[in-house]
Every structure is written in structure tokens, then in C-alpha cells.
Amino acid sequence: HLRSAQTLALYVIVLGCYHHHMFHFVGKILCHLEPCDAVDVDQAVKAAKLAFGHWSKMSGMERARIMIKAAHIIEVREEIAQMEVIDNGKSITEARLDVDSARLCIEYYAGLANTLAGQHVQLPGGSFAYTRREPLGVCAGIGAWNYPFQIAAWKSAPALACGNSMVFKPSPLTPVTAVMLAEIYAEAGAPESLFSVVQGGQETGSLLCHHPDVAKVSFTGSVPTGRKIMEMASKGVKPVTLELGGKSPLLIFQDSDLENAVRGALMANFLSQGQVCSNGTRVFVHENILPQFLEEVVKRTQRIEIGDPLLDNTRMGALVSQPHLDKVLSFVDQAKKEGATVLCGGEPFVPTDPKLRGGYYMTPCVLGECKDEMTCVREEIFGPVMSVLSFETEEEVLQRANDTTMGLAAGVFTRDVKRAHRVVENLKAGSCFINNYNITPVEVPFGGFKMSGIGRENGQVTIEYYSQLKTVFVEMGDVDSLF
Ligand SMILES: NC(=O)C1=CN([C@@H]2O[C@H](COP(=O)(O)OP(=O)(O)OC[C@H]3O[C@@H](n4cnc5c(N)ncnc54)[C@H](O)[C@@H]3O)[C@@H](O)[C@H]2O)C=CC1
Ligand SMILES: C[N+](C)(C)CCCC(=O)O
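Residues numbered from 1 in each chain as written. Chains lettered and ligands numbered in written order. Predicted model: local features only at pLDDT ≥ 70, side-chain atom pairs only at ≥ 80, totals over all residues. Heavy atoms only, no water.

## Some words on the pattern of salt bridges
And step 1. Scanning the model with the defined rule gives 24 salt bridges in all.
And step 2. Close ionic contact of Asp98 with Lys90 constitutes a salt bridge, the shortest N to O distance being 2.5 Å.
And step 3. Of the residues examined, Asp98 reaches a relative accessible area of 6% and is grouped as buried.
And step 4. Notably, a salt bridge pairs Arg419 with Asp255, separated by 3.8 Å at the nearest N-O pair. (Salt bridge = Lys/Arg side-chain N within 4 Å of Asp/Glu carboxyl O. Buried < 20%, exposed > 50% of the residue type's maximum accessible area, 1.4 Å probe, protein only.)

## A short note on the site of ligand 1
And step 1. Close contacts around ligand 1 come from 28 residues, with Gly143, Trp145, Lys169, Ser222 and Thr225 the closest.
And step 2. Here a nitrogen atom of ligand 1 sits 3.5 Å away from a polar atom, N or O, in the main chain of Gly245.
And step 3. Relative to its unbound accessible area of 810 Å², ligand 1 is 86% covered by the protein chains.
And step 4. Contributions of two or more residues to the shell around ligand 1 are made by helix H8 (202–210), strand E8 (214–220), helix H9 (223–235) and helix H12 (322–337).
And step 5. With four residues, H9 is the single largest residue contributor to the shell around ligand 1.
And step 6. Here the residues of the shell around ligand 1 sort into eleven nonpolar, 13 polar and four charged. (Near = heavy atom within 4 Å. Polar contact = N/O pair within 3.5 Å; in protein donor to acceptor, adjacent residues only side chain to side chain. Areas by Shrake-Rupley, 256 points an atom, 1.4 Å probe, with all protein chains shown as cover. Helix = DSSP H or I, 4+ residues; strand = E, 2+ residues; numbered from the N terminus. Nonpolar A, V, L, I, M, F, W, Y, C, P; charged D, E, K, R; others polar.)

## Describing the UniProt feature "domain: Aldehyde dehydrogenase" (unreviewed entry) in the chain
And step 1. Those places that UniProt annotates as "domain: Aldehyde dehydrogenase" (unreviewed entry) correspond, in this numbering, to residues 27–472.
And step 2. Between the end C-alpha atoms of residues 27–472 the distance is 58 Å, and the span holds 41% helix and 19% strand. (UniProt positions renumbered as here; feature names shortened; annotations may be inferred.)

## Points about the pairing of strand E5 (residues 138–142)
And step 1. Burial runs high along E5: five of the five residues are buried.
And step 2. A two-sided burial pattern is seen for E5, the buried positions comprising Val138, Ala140 and Ile142 on one face and Cys139 and Gly141 on the other.
And step 3. Inspection of the sheet shows E5 paired to strand E6 (residues 165–169) by five bridges, in the parallel sense. Residue Ile142 lies in a different strand from E6, and its bridge partner there is Lys169.
And step 4. For the segment spanning E5, helix H6 (residues 148–161) and E6, crossover handedness is right-handed.
And step 5. In terms of strand pairing, E5 meets E8 through five bridges, oriented parallel. Within E8, the residue paired with Ala140 across the bridge is Val217. (Pairing = 2+ DSSP bridges. Right-handed = clockwise from strand over helix to strand, strands pointing away.)

## Side note on the packing of aromatic side chains
And step 1. On inspection of all chains with the given rule, the structure shows seven aromatic pairs.
And step 2. Ring plane angle 75 degrees and centroid distance 5.2 Å describe the contact between Phe253 and Phe391, whose orientation is recorded as edge-to-face. Of this pair, Phe253 sits in the loop between strand E10 (249–252) and helix H10 (258–269) while Phe391 sits in strand E14 (residues 385–391), and the two are 138 residues apart along the sequence. Just as Phe253 is buried, Phe391 falls in that class too.
And step 3. One residue, Lys90, lies across the ring of Tyr147, its end atom 3.6 Å from the ring centre.
And step 4. One residue, Lys216, lies across the ring of Tyr466, its end atom 4.6 Å from the ring centre. (Phe/Tyr/Trp six-rings, centres within 6.5 Å; stacked < 30°, edge-to-face > 60°. Lys NZ or Arg CZ within 6 Å of the ring centre and 35° of its normal.)

## A closer look at the sheet that holds E5
And step 1. Reading across from one edge, E7-E6-E5-E8-E9-E19 is the order of the six strands in this open sheet, with mixed pairing throughout. This sheet does not close on itself; its edge strands, each paired only once, are strand E7 (195–197) and strand E19 (453–454).
And step 2. With two bridges joining them, strand E9 (residues 240–243) and E19 adopt antiparallel strand pairing. Within E19, the residue paired with Glu243 across the bridge is Gly453.
And step 3. Packed on one face of the sheet, helix H2 (residues 38–55) meets E5, E6, E7 and E8 and runs near 155 degrees to E6.
And step 4. Relative to the sheet, H9 contacts E5, E8, E9 and E19, its axis offset from that of E9 by approximately 180 degrees. (Contact = heavy atoms within 4.5 Å. Axes fitted to C-alpha atoms, helices over the stretch in contact; angles between N-to-C directions.)

## A closer look at the domain arrangement of the chain
And step 1. Taken domain by domain, the chain holds domain 1 (21–245 + 454–470) and domain 2 (249–434).
And step 2. On a C-alpha basis, the centroid separation for the pair domain 1 and domain 2 is 30 Å.
And step 3. Counting residues at the interface gives 25 residues for domain 1, matched by 30 residues for domain 2.
And step 4. Here domain 1 packs against domain 2, burying approximately 2,100 Å² in sum over the two surfaces, 58% of which is carbon and sulfur.
And step 5. It is Phe25, Trp145 and Gly245 that lose the most area in domain 1 upon contact with domain 2, and together they represent 27% of the buried surface on that side. (Domains from an automatic or database assignment. Buried area = accessible area lost by both parts, 1.4 Å probe.)

Here it is as C-alpha cells:
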């Protein structure tokens, strides 16, 4: 891990007061980081402003060329996935998929950078108007710890494609791989500080949001922090993109292909140790197929390989921190107290390998006999805990599925094509899946309804969230003055 040590040495200014950054899956300190203060943040934003000057004057074709180069570098750099595992605790198999999604996202927006254009509108008397799609300036990105590299790419790719620069603050729990992305953009030929990283927690984050030269804030994380980000941005009337939490429903009808429904439920709950915003944690199963569903889903959950996340066979690594593990386990205890049945898992897990003993592992959990008012059904647990509920009718399950303040994602399993589309039309969620769950191809928009967020990431529409329109009126005749 020499390379990452060098990376950190380059980007971290050590001033004396350390933040211990943990090596999550073995519970040891990985490195020491210094939170950036007002002077550091100002320096980063000023440098990004300078980079914006050059970058925004380049053509889309020129920007695309550099982005494609960055995508190619990502493709061959296995150490990004390894570092993500060490930093976050997720399995190497998943980390590779995350890095690949980052690569695809940069490739996709490189393609769109070539296509950015305005409109020409003919007006009376030979006059006309045209629109220009212009970048916003320096954008701030603030990331969560569950998809550190992927989030940095999902935010920077559309921002850079539009001609913006970005100062990115990763979560202090997973600060490393965003720095690798900064190195990669630089290596690909981006102007200096086009994408740079500031380290720190909420103080550093709020310095970024308040900085007068920051034109926009794109945030991924929890609802309470999202609300604060919006408040801070409102002081400068800055636009925000918010990708917040969820308590998403997954509806499994009697006529579904049970094998695929079970696979979908596992994908909806156990990726990244269950620490996924879009997870379908409220699994509503039609009462007639509930016993078969539970038998199969429990069998598969018990078979999930937990352990050293750097091994290819491992499917579940460590949670992000001891306090977070404790919080997830306390949700399981609370569920038991409220009358849910633990059908499997929900216990701390001690791997046999002695070197992993200090890591934050638990067995994935399926909760049966859940009721709508239970804490496990109402609150975002952000861990490997699936709550299973039973339902009778389509109308009833839709009403219960929508009875939440969140609306990030939702899924439906059924073989009835009319039912699938009717149900999706009535689900109040921004990202819906029919007969699958938790796939996020970068070509399609992703984001939430209600308190799950504002704006979208990925897809063509995101160009609109990282650019602004300028309208230019051109008079070809004389000024028809009223005075
Ligand atoms: N929806 C999602 O994707 C995520 C949801 N969560 C939920 O949030 C819980 C807490 O996790 P955290 O990492 O503490 O999430 P958080 O929402 O507090 O932090 C996310 C990012 O915002 C930054 N931040 C925090 N307070 C800030 C402020 N006042 N101004 C500017 N930036 C600020 C953090 O340093 C981090 O980079 C989790 O247990 C989970 O339930 C966490 C991460 C991702
Ligand atoms: C890739 N996926 C769908 C598992 C998660 C992406 C959203 C997130 O950042 O949690």
C-alpha cells in the first residue's frame, strides 16, 4: 500500500492535531489526517476557480478527450478497488463494480460533453435569440462513506463535462480514494486543481458550502445533514443536488418468479453490508407465498460468505465503524422487543482469521413478522437487516409502501406486465425497479422523491443540474423605443 501512503503524503498537510482514520476491516489505524481549515478551503476554492478559467474555455471535444483518458486510467488500476476495501470494509468484488461504475460514468459524460449546445430562435424582422449552456463555476461535492470512489465520480463527471471545476470533500471515515481520483484527472491532463480534495468533517463541509466562490453544492448523505446543506446554500442562493436516505419498499406479488424475487430481495438489502441509500429494506410479500419466500431468503442469507473483504469469495465484509455496527445491532434488539422474529443473523461476527478480529462484522439478518409501526420498518437502519412484511391486496400494499417521508427507490416483482406498470405508476419514489433491484446504469437518472432528495445524478438530465442557460437577444433592426 505504498502508493496510497504516497498519495496521502502529497495531499494531506499535517498541522499537529490528528484525526485517526481507521482501517475498518481489521480495526486498526490506517493513516492520520488533518481536517482542512478556512485557509485551506479558501486556497482550494481559489485554485479551482483558476482551473475553471481554463477548463470552461475549452471545447466539449477537448474536455471529453481528457475525461476519456481518465476513464482508461481507472480501468487498469486495480489498487483503487483494493484501497476502497481497506478504507470502507466492503468486499473486493463489490469494490471492483463500484470503481467500474465510476469509470463508466466518466466515459458517459465525456460523450455528453461533445453534445452540449444551445438553441437558435427566429424572432420578427430578422432578429433572433440564441441560448448558451454555460457552466456554473466552482462546484462543491460532499460525499458519504458507503460509495467513496463512486460518489466522487458520479459528482465530478457531469460537473467537469459541463465545464465546471470541483472541490470535493469525502467523508472523514473514507477519505482516501477520492484523492486517487484527483491524481487520475491530473494524470489525464486536466488543468491543475480542476478536481481537488479537501479533508475533514462537518466544519470543513460547511466552510465549502458558505464559500462565496462556490456556485453549487452536490451532497450525498443523511437527511438531517442534507437539510443543513440546503440551509447553508440558501444563504448564497446556490443550487443544491441532494442524494439522501431512504426506507424503500420492495413489493413481491404472488405471481412473481420466486427465484428472481429472492435474488432481488438479497440485492436490495445486502450490498455494501446493507449500507446503501437505495436499499429496499421493507420487503412486502404476498401472504400466499410468504412461507416459501422466507424459507428461500433465509437459506440464501445464511450462505453469504462473511470475512476478509480482500478475498474474491467473500460476499460480505465489515461495516464502516464500531459505533455504526453498535447502532445497527441495537436496531435488531429493538425489533425483537417490538415483536419481530429474527429468522437469521443479527449477531456480531468474529472471523476465524485472527488478523480480522478487530473488524466490525455482523451476520446478515432477516426479520420476520414485521408490522408497519415497528422501528425497524420506519427508520433507516443502514446495515444488513431486511424487514419482511406480509400483504393481501395491491391497493393495500401500495398505500403501506408509500406511507413514509422518504421516496428514493422502490421495486416490484410480478409476471403481470399490466400490474407492474400500474404499481410503479403509483409508487412515490424516484428510482423504481421492475423485476430487479439496485442496478444503477449510469445512462439513466437516479434520485429521490420527497425527503430523499433534490435533483438527479447520472443520465442526460444531470447536465441541467451542473449548467445554466444564458439567453442572448440579437436585434437586427432599429430600437423601437417608447420614449
Ligand atoms: N443516504 C445515504 O447514502 C447515506 C446515508 N447515511 C446515513 O446517515 C448516517 C450518518 O452517517 P454520516 O456519515 O455521519 O452522514 P452525514 O450525512 O452526516 O455525512 C455525509 C457527509 O456530509 C459531511 N457533513 C456532515 N455534516 C456536515 C455539515 N454540517 N456541513 C457540511 N458537511 C457536513 C460529512 O463529513 C460527510 O462527508 C448513517 O448512519 C446513515 O444512516 C450515511 C451515508 C450515506
Ligand atoms: C450502486 N448502488 C445502486 C448499489 C448504490 C448507489 C447509490 C448509493 O450511493 O448508495
